[in-house]
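Geometric and topological summary
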Amino acid sequence: MPTPSKAAGIRESFLRFFEERGHRRVKSSSLVPQNDPTLLFTNAGMNQFKDVFTGRETRDYKRAVSSQKCVRAGGKHNDLENVGFTARHHTFFEMLGNFSFGDYFKKEAIAWAWELVTRVLAMPADRLAVTVFRDDDEAEALWRSIGVRKERIFRLGEKDNFWAMGPTGPCGPCSEIHLYRLAGGNQAQIDEHAHRFFALDQAEQLGSDSWMELWNRRSTPVPASSASPPPSRTFPRTTTRTFSAR
C-alpha cells in the first residue's frame with residue numbers, strides 16, 4: 001500500500017491500521033454534544049466515550065478507533081488565540097484516536113504508535129523525538145525497547161506530559177511523538193536542537209514550530225480523587241487513548 005500523502009488517505013490508513021488490530025471503527029459524534037452539559041462543542045475524540053472511561057457505561061467492544069470532528073474555541077482547550085500565530089493551531093479539525101477500555105495499555109499503544117508513524121506513514125525516525133512524564137520510567141523503557149535512541153527521549157513535567165481536565169476525575173501521564181520540521185540537519189545537529197528545545201526549554205528562542213507534536217499517547221487511570229500526580233496511587237481500572245495531531 002503506497003504511503004498516504006493527502007488527508008483522506010492518512011485518515012483511512014489510521015482507521016484501517018487499528019481495525020486490523022481489533023478496534024471497532026466508531027463514527028464521529030456530533031460537534032454539539034448530546035446529553036453533556038459540560039461542553040458547548042466536542043473538543044476531543046474521547047468526549048463520546050466519557051461514560052465508558054468513568055465506568056458509567058459499558059459497550060460491546062473494548063477497543064475503538066475514530067476520526068472525530070472537533071472545535072476548540074473556548075474553555076480549557078482553546079486554540080482560537082493561537083490561530084495565525086503558529087503553523088499548527090486550528091479551531092476546527094479532525095482528531096484521529098484509538099482507545100482501549102481496560103484492555104491493552106502502554107506497551108501495545110507505544111509499539112503501534114511508532115509502527116504507524118514510521119512504517120505506514122513513513123515518517124523518518126531520525127527526525128522524530130519522544131517526550132514522557134518525568135516519573136514514567138515504564139514509558140521511557142518501552143520507547144527504548146522499540147528502538148528510540150535515548151538522545152531523543154525527554155522527560156517533562158505536568159504542564160506538558162500529565163493530562164487532567166480538572167481537580168477530580170480521570171488523569172494520568174502521557175507521552176508524545178514530535179517531528180523535526182526544519183530543513184536539513186544531520187543526526188548530531190538534530191540531537192542538539194532537540195536537547196535545547198525540550199530539555200532546556202528553549203522553544204521560543206529556537207522557534208516553537210521547529211518541532212510539531214503529531215501523536216499523544218495518554219495513559220488515563222480512572223477514577224481519580226485528585227488531578228495532582230502523587231508518586232504512587234492505585235486505581236481499579238485503566239484505559240489508554242492516543243491520537244494523531246490536527
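Everything in this summary refers to the structure shown in the same document. Keep in mind it's a predicted model, so treat the numbers as computed, not measured.

So, how was this worked out
- Residues numbered from 1 in each chain as written.
- Predicted model: local features only at pLDDT ≥ 70, side-chain atom pairs only at ≥ 80, totals over all residues.
- Heavy atoms only, no water.
- Helix = DSSP H or I, 4+ residues; strand = E, 2+ residues; numbered from the N terminus.
- Buried < 20%, exposed > 50% of the residue type's maximum accessible area, 1.4 Å probe, protein only.
- Contact = heavy atoms within 4.5 Å.
- Pairing = 2+ DSSP bridges.
- Salt bridge = Lys/Arg side-chain N within 4 Å of Asp/Glu carboxyl O.

Along the backbone of the protein chain there are seven helices and nine strands. Counting over 246 residues, the protein chain shows a buried share of 47%. Counting contacts in the protein chain only where the partners sit at least 6 residues apart, residues at least 24 apart contribute 70% of the total.

Here we take up the environment of Ala-44. Within the secondary structure layout, Ala-44 lies in the loop between β1 (24-26) and α2 (50-53). Counting along the chain gives 51 residues from Ala-44 to Met-95, while the straight-line C-alpha distance between them is 6.8 Å.

Okay, the pairing of strand β7 (residues 171-180) next. Taken across its ten residues, β7 has ten buried, putting it largely inside the fold. Pairing between strand β6 (residues 162-164) and β7: three bridges, direction antiparallel. Residue Ala-164 lies in a different strand from β7, and its bridge partner there is Cys-171.

Looking now at the pattern of salt bridges. Scanning all chains against the criterion turns up 21 salt bridges. Between Asp-51 and Arg-56 there is a salt bridge, with the nearest N and O atoms lying 3.0 Å from each other. We classify Asp-51 as partly exposed; its relative accessible area is 32%. Ionic pairing is found between Asp-191 and Arg-149, a salt bridge with its closest N-O pair at 2.7 Å. One end of the pair, Asp-191, is in helix α6 (residues 187-199); the other, Arg-149, is in the loop between α4 (137-145) and β5 (153-156), with 42 residues separating them in the sequence. Asp-191 gets classed as buried once you look at its relative accessible area, which sits at 13%. Several salt bridges converge on common partners, so that one network encompasses Arg-149, Lys-150, Glu-151, Arg-152 and Asp-191.

Within the element layout of this structure, Gly-185 appears in the loop between β7 and α6. Taking the C-alpha atoms as reference points, Gly-185 and Arg-127, separated by 58 residues in sequence, lie 9.1 Å from one another. Excluding anything up to four places from it in sequence, Gly-185 contacts Arg-127 and Ile-190.

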